[in-house]
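# Understanding the architecture of this molecule
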Amino acid sequence: MSQLVPHLLLRADAGASRTAALLRTAGYIVSKVNDDAILEQIVGAPHVDGVVVELPAMAAIAVTRRIEARYGRNVAMVIVTSSADAVRRALPSTPVLRLTDIDDDLISTIDLALAKQQMRLTG
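Predicted model only: the values in this text are computed from it and were never measured.

## Considerations on the pattern of salt bridges
- Per the counting criterion, the structure on display carries eight salt bridges.
- D36 serves as the salt-bridge partner of R11, at 2.5 Å between the closest nitrogen and oxygen. Here the residue R11 occupies a position in strand β1 (residues 7-12), and D36 occupies one in helix α2 (residues 36-42), the gap between them amounting to 25 residues.
- Across the pair D103 and R18 runs a salt bridge whose closest N-O atoms are separated by 2.7 Å.

Right under this line is the structure:
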């Protein structure tokens with residue numbers, strides 16, 4: 001991790017986000033990004049520790065595939081969507097949560113994704 005508090009990019013549509021609120025309450029730095037092109041450019045920045053994608057299934061799959069194509073598996077990612085099963089089938093190696101499960105599972109899923117990524121980077 002690049003700093004003491006993990007910095008996450010949240011790709012979500014405009015408007016209030018329960019995901020963002022939960023992450024900030026848990027102590028994460030969260031930068032909400034409303035544009036895929038901007039997200040894809042800044043994902044690899046040294047101050048970014050991970051990405052949370054909170055979009056409908058098809059949009060989430062598309063942006064995740066573009067990020068993976070550009071950065072490989074060098075980015076910790078978690079997807080939050082109402083159609084979790086469809087996303088899991090398309091992206092079996094990416095953690096996916098249903099919107100209805102974020103209150104119970106979001107923070108632990110993010111922590112695990114960040115820990116897994118840190119282990120990849122340090123060998």
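Once you've had a look at it, read on.
## Re the pairing of β1
- Of all six residues in β1, six are buried, a share of seventy percent or more.
- Residues H7, L9 and R11 line one face of β1 and the alternating positions L8, L10 and A12 line the opposite face, and both faces are buried.
- With five bridges joining them, β1 and strand β2 (residues 29-33) adopt parallel strand pairing. By the bridge assignment for β2, L8 is matched with V30.
- Here β1 runs beside strand β3 (residues 50-54); their pairing, made up of five bridges, is parallel.

## Thoughts on a nonpolar patch on the surface
- There is a patch of nonpolar side chains on the surface, built from L4, V5 and I29 and spanning about 310 Å² of accessible area.
- Mapped onto the elements of the fold, L4 is located in the segment before β1.

## A short note on the nonpolar core
- L39, V43, V51, V53 and I67 are the most contacted members of the largest nonpolar core, which has 21 residues in total.
- Those elements that place two or more of their residues in this core are β3, α3 (57-71), β4 (76-81) and α4 (84-90).
- Leave out the neighbours within four places in its chain, and V51 touches L9, L39, V43, V75, A76, M77 and V78.
- Ranked by size, the runner-up nonpolar core spans 18 residues in total, among them L8, L22, I110 and A113.

Quick notes on the rules
- Residues numbered from 1 in each chain as written.
- Predicted model: local features only at pLDDT ≥ 70, side-chain atom pairs only at ≥ 80, totals over all residues.
- Heavy atoms only, no water.
- Salt bridge = Lys/Arg side-chain N within 4 Å of Asp/Glu carboxyl O.
- Helix = DSSP H or I, 4+ residues; strand = E, 2+ residues; numbered from the N terminus.
- Buried < 20%, exposed > 50% of the residue type's maximum accessible area, 1.4 Å probe, protein only.
- Pairing = 2+ DSSP bridges.
- Patch = residues over 30% accessible without salt bridge, like charges linked within 9 Å, V, L, I, M, F, W, Y side chains within 5 Å.
- Areas by Shrake-Rupley, 256 points an atom, 1.4 Å probe, with all protein chains shown as cover.
- Core = buried A, V, L, I, M, F, W, Y, C linked by side-chain atoms within 4.5 Å.
- Contact = heavy atoms within 4.5 Å.

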